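# Structure at a glance
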Amino acid sequence: MLLCFLLSLQTVEHGFPHQPSALGYSPSLQLLAIGTRSGAIKLYGTPGVEFMGLHDENAAVTQVHFMPHQADMVTLLDDNSLHMWTLRRHKGLSELLEIGRFMLMGPPGAPPSVTRVTAVLPHSSGELLLLGTEGGHVFVVEVPGFRELEERNISLDQVSNSVPVDYIGRRNLEHVEALQENPTNPSQVVIGYGRGLMVIWDLENQCAIQHIPATQQLESMWWTEDGSYILSSHSDGSYCRWRVGGQEETEEEEEKEKSDIPYGHFPCKAITKIVQLPTEEGPPFLLFSGGMPRASYGDRHCITVIHSKTHVALDFTSRIIDFFVIRDGLEQTGDPSVLLVLVEEELVVIDLQTEGWPVIQTPYLVPLHSSAITCSQHVSAIPLKLWERIIAVGELQKTHYSKKPWPITGGQNLGPDPPQRDLLLTGHEDGTVRFWDASGVCLYPLYKLSTAAVFHTDADPNDNLNQSAEGEWPPFRKVGCFDPYSDDPRLGIQKIHLCKYSGYLTVAGTAGQILVLELNDEAAEQTVEAKVVDLLQGQEGFRWKGHTQLDVREEPVLFPPGFQPFTLVQCQPPAVVTALNLHSEWKLVAFGTSHGFGLYDYQQKNNVLIKCTLNPSDQLALEGPLSRVKSIKKSLRQSFRRIRRSRVSLRKHHLQEANARLEAELAEMELAPVQRKIEARSSDDSFTGLVRTLYFADTFLSDSSHNTPSLWAGTNGGCVFAYMLRVPAVEHRADEPVTAQPAKEIQLMHRAPVVGVVVLDGHGAPLPEPLEVAHDLARSPDMQGSHHLVVISEEQFKVFTLPKVSSKMKLKLTAVDGSRVRRVGVAWFGSNCKEDYSESGLIFLTNQGDVHVVSLPHVKMQVQYPCIRREDVSGIASCVFTKHGQGFYLISPSEFERFSLSTRFVVEPRCLVEVPLHLDSSNPHRAEPGGATSAHRCVMEHALLNDESEYSKAERNETQI
Amino acid sequence: MNKNHRAPSSHSLGTVEVKSKFGAEFRRFSLDRSKPGRFDEFYGLLQHVHRIPNVELLVAYADVHGDLLPINNDDNYCKAISTASPLLRLFLQRKEEADYTMFGTDSMTRKKNTVLSAVLLRPDTNKKKPPVIISLPKDFRPVSSIIDVDILPETHRRVRLYKHGQEKPLGFYIRDGSSVRVTPQGLEKVPGIFISRLVPGGLAESTGLLAVNDEVLEVNGIEVAGKSLDQVTDMMIANSHNLIITVKPANQRNNVVRGGGGVGGGTTSGSSGRSSDSGASFYGYSSHGASASAASHIIQNFPVGELDSDEEEEDLVIEAGGEAEAIGHAPSSYSIASVPRYEPHLNLRTNPSSTYSIHTNGTLPGSSGSLNNTNADSATPSPDRAKERRSLEEEGTVITL
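About the criteria used
Residues numbered from 1 in each chain as written. Chains lettered and ligands numbered in written order. Predicted model: local features only at pLDDT ≥ 70, side-chain atom pairs only at ≥ 80, totals over all residues. Heavy atoms only, no water. UniProt positions renumbered as here; feature names shortened; annotations may be inferred. Helix = DSSP H or I, 4+ residues; strand = E, 2+ residues; numbered from the N terminus. Buried < 20%, exposed > 50% of the residue type's maximum accessible area, 1.4 Å probe, protein only. Contact = heavy atoms within 4.5 Å. Areas by Shrake-Rupley, 256 points an atom, 1.4 Å probe, with all protein chains shown as cover. Domains from an automatic or database assignment. Pairing = 2+ DSSP bridges. Axes fitted to C-alpha atoms, helices over the stretch in contact; angles between N-to-C directions. Buried area = accessible area lost by both parts, 1.4 Å probe. Salt bridge = Lys/Arg side-chain N within 4 Å of Asp/Glu carboxyl O. Polar contact = N/O pair within 3.5 Å; in protein donor to acceptor, adjacent residues only side chain to side chain. Expected span 1.5 Å × (residues − 1). Arc of directions from axis to C-beta. Core = buried A, V, L, I, M, F, W, Y, C linked by side-chain atoms within 4.5 Å.

Per an unreviewed UniProt entry, chain B goes by the name Par-6 partitioning defective 6 homolog beta (C. elegans) and belongs to Kryptolebias marmoratus. Of chain B, the UniProt comment under Sequence similarities (unreviewed entry) reads exactly: "Belongs to the PAR6 family."

Chain A carries the name LLGL scribble cell polarity complex component 2 in an unreviewed UniProt entry, which gives Kryptolebias marmoratus as its organism. Taken from UniProt, the Sequence similarities (unreviewed entry) comment for chain A reads in full: "Belongs to the WD repeat L(2)GL family."

### Looking at the overall build of chain A
Scanning chain A for helices and strands turns up 10 helices and 64 strands. Taken across its 961 residues, chain A has 55% of its residues classed as buried. Counted over contacts in chain A with a minimum sequence separation of 6, partners at least 24 positions apart contribute 58%. Summed over its atoms, the accessible surface of chain A is roughly 42000 Å², and 51% of this surface lies on carbon and sulfur atoms.

### Examining the domain arrangement of chain B
Here the domain parsing of chain B yields domain 1 (15-94) and domain 2 (144-254). Once you take the C-alpha centre of each, domain 1 of chain B and domain 2 of chain B turn out to be 47 Å apart.

### Brief notes about the sheet that holds strand 7 (residues 72-77) of chain A
Residues and elements named next belong to chain A. Overall, antiparallel pairing links the 4 strands, which are arranged 6-7-8-9 in an open sheet. Sheet topology places strand 6 (61-66) and strand 9 (93-103) at the edges, where each strand pairs with a single neighbour. The sheet shows a mean angle of 25° between the axes of neighbouring strands, taken without regard to direction. Of the strand pairs in this sheet, strand 6 and strand 7 are connected by 5 bridges, and their pairing is antiparallel. Note that in strand 7 the partner of His-65 across the bridge is Val-74.

### Examining the domain arrangement of chain A
One widely used convention gives an interface's size as the accessible area the parts lose upon coming together. All names here are of chain A. If you check the domain split of chain A, you get domain 1 (257-367), domain 2 (369-397 + 421-456 + 489-617), domain 3 (692-811) and domain 4 (817-913). If you look at the interface, domain 3 gives 19 residues, while domain 4 gives 17 residues. Taking both sides of the interface into account, the surface hidden between domain 3 and domain 4 amounts to around 1500 Å²; carbon and sulfur atoms contribute 71%. Across the contact surface, domain 3 and domain 4 share 4 salt bridges. One salt bridge connects Arg-822 with Glu-794, and the closest N-O pair in it is separated by 3.5 Å. Where domain 3 packs against domain 4, one counts 5 residue pairs in polar contact (both at pLDDT 80 or more). Ranked by residue count, the leading element in the side of domain 3 that touches domain 4 is strand 53 (residues 754-760), at 4 residues.

### Some words on unusual backbone geometry
Residues and elements named next belong to chain A. Going from Gln-572 to Pro-573, the amide bond is cis rather than trans, its omega being 0°. Take Pro-573: it is sitting in the loop between strand 43 (562-572) and strand 44 (579-583). Residue Pro-803 is bonded to the preceding Leu-802 through a cis peptide linkage, with omega at 0°. For Pro-803, the position within the fold is in the loop between strand 55 (796-801) and strand 56 (807-812).

### A few points about helix 4 (residues 384-397) of chain A
All names here are of chain A. Here helix 4 is 14 residues long and its end C-alpha atoms lie 20 Å apart, about the 20 Å a rise of 1.5 Å per residue gives. The set of residues buried in helix 4 consists of Leu-386, Trp-387, Ile-390, Val-393 and Gly-394. Taken down its axis, helix 4 places every buried residue within 140° of arc, on the same side. In helix 4, those exposed residues whose orientation departs by more than 90 degrees from the buried face are Lys-385 and Leu-396.

### A look at the nonpolar core
Grouped burial of nonpolar side chains is what soluble globular proteins tend to show. Residue and element names in this part refer to chain A. One finds Trp-712, Leu-789 and Phe-797 to be the most contacted residues of the largest nonpolar core, which totals 36 residues. Going through the elements one at a time, strand 49 (691-699), strand 51 (719-726), strand 52 (739-747), strand 53, strand 54 (788-793), strand 55, strand 56 and strand 58 (838-846) are the ones with two or more residues in this core. When residues of this core are assigned to their parent elements, the largest contribution, 6 residues, is made by strand 53. The contact partners of Leu-789, leaving out residues within four places of it in the chain, are Trp-712, Ile-746, Val-757, Val-758, Val-759, Lys-798, Val-799, Phe-800 and Leu-802. Core analysis: the second largest hydrophobic core is formed by 34 residues, Leu-386, Leu-425, Leu-446 and Val-552 among them.

### Section: the pattern of salt bridges
Per the counting criterion, the structure on display carries 35 salt bridges over all chains. Close ionic contact of Glu218(B) with Arg158(B) constitutes a salt bridge, the shortest N to O distance being 2.9 Å. In this pair, Glu218(B) sits in strand 10 (residues 215-219) while Arg158(B) sits in strand 7 (residues 157-162), placing the two residues 60 residues apart along the sequence. Just as Glu218(B) is buried, Arg158(B) falls in that class too. One salt-bridge network, held together by shared partners, links Arg692(A), Glu794(A), Glu795(A), Arg820(A), Arg822(A) and Asp234(B).

### What about the environment of Asn606(A)?
Residue and element names in this part refer to chain A. Its location among the elements puts Asn-606 in strand 47 (residues 606-612). Remark: the alpha-carbon pair of Asn-606 and Lys-531, spanning 75 residues in sequence, is separated by 7.8 Å. Look past the residues within four positions of Asn-606 in its chain and what remains in contact with it is Lys-531, Tyr-600 and Asp-601.

### What to know about the environment of Leu179(A)
All names here are of chain A. Mapped onto the secondary structure, Leu-179 falls in strand 14 (residues 176-182). With a relative accessible area of 6%, Leu-179 lands in the buried category. Separated by 58 residues in the primary sequence, Leu-179 and Leu-121 have C-alpha atoms spaced 6.0 Å apart. When residues no more than four places from it in sequence are discounted, the contact partners of Leu-179 are Ala-119, Leu-121, Leu-130, Leu-131, Gly-132, Val-138, Val-190, Ile-191 and Met-221.

### Remarks on the side chain of Gln276(A)
Residues and elements named next belong to chain A. Within the secondary structure layout, Gln-276 lies in strand 21 (residues 271-277). A polar contact of 3.5 Å, which involves the side chain of Gln-276, links it to the side chain of Arg-241. Those residues in contact with Gln-276 that sit more than four places away from it in its chain are Trp-222, Thr-224, Leu-231, Arg-241, Pro-284, Phe-285 and Leu-286.

### Quick word on the UniProt feature "domain: PB1" (unreviewed entry) in chain B
Here the UniProt feature "domain: PB1" (unreviewed entry) sits at residues 15-95 of chain B. Strand forms 42% of residues 15-95 of chain B and helix 26%; the C-alpha atoms that close the span are 29 Å apart.

### Here's the deal with the UniProt feature "domain: Lethal giant larvae homologue" (unreviewed entry) in chain A
As annotated by UniProt and renumbered to match this structure, "domain: Lethal giant larvae homologue" (unreviewed entry) occupies residues 260-358 of chain A. The distance from the first to the last C-alpha atom of residues 260-358 of chain A is 28 Å, and the span holds 4% helix and 49% strand.

### Re the sheet that holds strand 18 (residues 218-223) of chain A
Where strands meet in a sheet, backbone hydrogen bonds hold them as pairs that are either parallel or antiparallel. Residues and elements named next belong to chain A. Within the open sheet, the 3 strands sit side by side as 18-19-20. Their pairing is antiparallel. The open sheet has two free edges, formed respectively by strand 18 and strand 20 (239-243), since each of these has just one partner strand. With direction set aside, neighbouring strand axes in the sheet form an average angle of 20°. Of the pairings in the sheet, the one linking strand 19 (residues 229-234) to strand 20 comprises 5 bridges and is antiparallel in character. Bridge pairing links Tyr-229 to Arg-243 in strand 20.

### Focus on helix 6 (residues 229-238) of chain B
Of all the 10 residues making up helix 6 of chain B, 9 are buried; the element is thus mostly covered by neighbouring parts of the structure. Of the residues making up helix 6 of chain B, those classed as buried are Leu229(B), Gln231(B), Val232(B), Thr233(B), Asp234(B), Met235(B), Met236(B), Ile237(B) and Ala238(B).

### A look at the UniProt feature "repeat: WD" (unreviewed entry) in chain A
Here, the residues flagged by UniProt with the feature "repeat: WD" (unreviewed entry) are residues 419-437 of chain A. In the segment residues 419-437 of chain A, helix accounts for 0% and strand for 63%; the C-alpha atoms at its two ends are 13 Å apart.

### Topic: the pairing of strand 2 (residues 25-32) of chain B
All names here are of chain B. For strand 1 (residues 15-22) and strand 2, the ladder comprises 8 bridges, and the chain directions are antiparallel. Paired with Ser-20 across the bridge in strand 2 is Arg-27. Taken together, strand 1 and the strand that follows it, strand 2, pair antiparallel across an intervening segment of 2 residues, in which Gly-23 is found at a positive phi of about 65°.

### Observations regarding the side chain of Thr207(B)
Looking at where Thr207(B) falls in the secondary structure, it is placed in helix 5 (residues 203-207). Leaving out residues up to four positions away in the same chain, Thr207(B) has contacts with Val143(B), Ser144(B) and Leu161(B).

Written as structure tokens, this is what we have:
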């Protein structure tokens with residue numbers, strides 16, 4: 001097999017980080033950094049430039065700060081540790097490395113609050129870090145080495161001694177809430193204390209220059225660019241503007257004037273961050289988050305932007321983490337151009353220079369989970385024609401986005417162009433299907449299809465739009481696309497199948513609905529014909545207690561350009577569709593639920609076959625998902641199991657406590673023994689009739705001389721049904737009926753659920769997809785040699801001969817190592833050295849989270865890699881494989897992890913970030929390459945030495961792990 | 001053997017008188033004690049002297065103790081000839097009328113002359129003391145067995161449960177737990193899998209070989225150490241048709257003690273105080289070396305081919321409009337796998353002549369394979385019927401439509 005041992009299976013993460021907790025931005029590098037609650041740190045630049053790091057501590061990242069004009073970055077975790085990261089060049093590519101860590105040590109005996117860091121200020125010199133603490137002290141630390149400069153610390157005593165006596169009787173100043181540097185004078189910083197007092201401190205002379213006696217709890221500060229004003233925001237929803245320097249007494253009235261509660265009268269919530277930026281001509285931009293009236297809009301997540309007469313309260317759908325503004329010009333000193341807001345579930349970027357402040361489409365960090373993902377399909381090597389059409393219809397949906405190019409442009413993407421065009425389709429709970437460009441490192445949204453329009457739902461499609469009435473105060477404007485609330489859970493998409501050659505798409509959902517859609521470049525108004533299919537076939541004793549089927553709109557519906565539904569099948573009972581397949585050449589759709597399966601001819605729009613697979617004794621399937629007794633018992637058991645597992649996995653991180661943990665775990669087990677019944681499977685088990693897989697094949701079903709179209713269905717009870725199909729020739733396709741007759745039924749004695757069926761041709765290669773050969777994209781199958789049937793159950797792989805079904809080979813999985821197949825796919829592994837050589841294999845994921853490859857046609861185990869944690873049930877369930885040995889799975893509700901087993905197809909970020917030499921005004925001739933002075937060289941050598949020491953430090957860190 | 005020595009001494013001629021009874025008829029003839037010939041020749045002779053050339057017979061003789069024992073292969077034929085003193089009394093029955101219950105201890109002494117009538121009349125005559133009825137092994141289906149006694153440490157027990165698609169549930173539950181192991185570092189508590197419950201009336205309970213709190217060490221030759229409860233559950237269910245589990249019984253007083261003779265199965269467990277927890281548990285747990293050697297035993301006792309072939313219970317295929325048929329194996333690929341049949345481990349200890357008898361049994365269809373076990377040890381009735389059925393199918397009798 002064409003596999004090699006991989007050091008890292010995982011290659012790149014797509015989507016939006018789960019639970020972001022901190023945001024940072026480097027204007028000089030043009031990089032964006034996001035820290036998460038699980039301790040991950042992610043850097044993004046121009047599309048394709050991505051870095052990811054993980055702190056060893058499993059603590060949330062609370063602050064991220066780039067060192068000015070450097071490739072270094074400081075992170076603060078909520079365990080009070082500080083970490084220094086850097087982008088190092090290695091073999092022509094940049095890597096993100098942790099190069100140091102630091103924990104502030106207070107004087108012996110001091111309470112921990114003394115050193116608990118609450119504010120971090122990287123000094124513009126790039127050499128100092130100012131750390132404000134809960135105890136009210138400011139510690140000064142030299143970076144990158146994290147050397148404490150004790151003599152420069154600003155202790156609370158020093159400050160409070162100088163506080164005017166009249167300032168509220170010298171009460172406790174509380175913690176350091178904010179630190180800001182004077183943009184015009186690096187030796188001045190302002191220290192903001194929680195109580196409200198702000199002190200401008202001279203770092204050189206170690207003395208206070210000015211006291212600003214605000215009386216409200218301080219939330220944030222902003223020193224305006226000209227250095228003449230300081231803005232402070234407070235917990236009562238007010239902000240104040242204070243003049244710096246000058247004669248305090250005479251300015252006092254003016255200061256009073258500058259205080260404002262923007263959404264005032266009634267009590268307001270705190271303004272958590274305030275920013276004011278000048279424009280070259282005209283009034284400045286004022287931006288602040290929060291400040292909403294507590295009673296009426298206290299639950300909104302808002303950022304207010306005020307510029308001249310324009311005042312907008314941007315209303316987000318999830319909690320605001322942080323925001324920043326990107327400014328024009330190389331040195332980022334010009335007009336504010338883009339507002340970038342990180343909220344809990346998405347990144348929203350707003351163009352401040354275009355009328356109406358439209359949103360800019362993000363090329364990455366797209367919230368995959370704007371509605372929960374319910375299923376996904378990957379389609380490799382999309383033909384250019386279809387690709388262009390999908391992009392074109394997608395563009396029509398994006399007209400409301402700003403035309404402004406993506407503003408974050410740091411780094412260079414050195415990765416090769418993707419070898420082919422790949423699509424990832426995700427089905428969502430709200431009945432939408434999203435199309436993503438999965439060819440490269442960035443998972444870019446192409447097109448969104450909504451199926452809700454076909455049905456009557458409770459929600460009025462109009463009430464979701466901007467309902468901002470004229471004159472409303474505050475002037476809200478909804479932004480962001482994260483919307484987890486589904487109007488009707490029955491709309492949820494469960495299965496997707498796209499034929500990339502014909503542009504036909506079929507999707508199936510929670511209420512047994514199956515839609516067949518066709519790509520149309522024009523809008524069209526049409527009625528969707530519904531066909532109800534009774535899968536019970538007269539089965540007695542049935543009471544469906546689940547949801548009702550969806551109501552279809554009977555009047556014509558206007559569908560926008562894109563995939564438009566033209567036919568609808570509704571299963572009765574309306575149970576979740578569990579298997580779906582489309583054969584675009586024969587124009588047939590096969591679908592299955594827990595009650596049976598059917599075959600639908602979407603050209604003639606009639607039903608070809610209905611087969612009930614239900615076992616009469618299977619009450620659970622009969623009654624539907626709302627059956628109570630058993631499910632509650634089951635869910636209780638599962639939740640207990642989950643609790644136990646999560647406890648176990650949480651503890652995993654503390655190796656030194658291994659023994660204690662073992663004790664505790666064992667004690668726990670003894671307290672609540674979980675039992676498992678050992679019983680052979682029988683035909684009476686629940687959901688044996690559930691259809692797990694459907695497969696079309698042109699093969700030898702009845703005799704070895706004539707191949708015919710066939711349909712194969714595998715059930716949960718280990719049964720495989722094969723039907724011989726008669727599909728009329730193309731010229732009679734419209735009028736002669738398609739027929740299906742039962743040909744074979746195989747009952748696997750081990751009765752494990754059948755999760756896959758594949759037919760191999762005479763060469764032992766899987767049969768090509770429909771239309772693949774017609775488009776010259778696959779070798780036509782060998783119809784001379786004898787075909788073989790591969791049945792993949794959760795426990796075994798079995799190869800049978802065809803047309804006479806007799807067992808030929810098998811590979812047992814569960815009997816040997818106790819794992820079960822969860823996901824399986826056919827993959828082609830290309831050779832690294834020979835372009836045109838490839839081998840096929842089965843790639844599968846087990847319930848233990850391991851990925852295996854099995855060779856075809858001999859079903860021999862080839863390789864095995866641990867891939868997903870076995871506790872991560874949703875990750876395992878979400879896994880999809882590509883045709884070329886890659887795969888995706890959800891590592892959180894909002895992120896796909898991509899992995900690769902193929903040496904030929906590896907998609908991973910390959911990028912380079914170069915630190916721009918900081919342009920001091922004294923050093924204007926940077927551009928000359930040969931003009932390096934000896935001083936320069938000296939600096940370079942120093943840097944190299946530094947590198948080495950840091951490198952060894954980094955190595956030490958690794959060995960400690 | 002003493003009796004054997006005595007017998008020839010009293011009859012210098014070296015001939016054996018034979019009195020053969022079929023129905024109401026007697027035949028008498030004699031045989032050369034030193035050259036008894038083979039069983040099939042003898043069988044032909046009997047048919048000849050009784051003039052019943054085409055009647056399938058069941059041949060039995062009365063031994064020195066008065067027990068009625070079968071003659072159906074060379075072994076027990078030779079035995080019968082050599083122990084006859086001086087008369088060899090034979091009882092013939094038509095096979096289709098055969099009553100197997102007559103075999104066994106004291107079957108001759110219960111009533112002097114006609115064993116058959118005694119058996120037939122038994123309900124009336126023996127009300128007070130119902131006789132112990134011993135059937136032919138082939139009438140039994142194996143339900144469970146203790147296997148590999150010779151290679152396992154005495155504290156362990158390897159139990160095989162035969163499910164055979166019967167209705168009786170396997171009937172047990174397993175749980176997580178902890179056990180104490182001896183390691184070079186001293187005692188260590190490690191997680192383990194234990195039997196937590198036996199379902200009343202289930203297969204596991206009815207065998208009496210498994211009990212609550214027995215620690216499960218292996219499933220079908222694969223160690224469960226390091227596997228989760230769910231994994232072990234799935235392994236057991238996947239192997240449920242032919243489940244072999246190795247346990248460390250919680251009750252160590254009923255362990256099989258290996259005697260010097262090597263015939264372990266029959267040895268009783270009375271002197272169990274000797275079965276020494278300490279020494280034997282050290283064997284199992286002490287070091288990697290020990291476990292490695294155990295693993296090699298596993299390989300020896302469960303060749304891959306056997307594990308693969310002994311299982312089926314084939315998949316069923318129903319062709320269009322036809323009846324269900326078991327799926328045969330494609331002859332080409334399975335030629336190797338189907339040859340090594342499951343041989344009970346106890347057979348390894350039988351003498352060479354019994355293996356010889358396997359071949360001759362071929363002439364007696366129906367009773368093949370089972371009777372040679374009566375020589376060895378009837379406690380473990382072995383090759384099951386499913387096997388026979390399959391070997392037939394492999395000869396190509398599967399008809400698919």
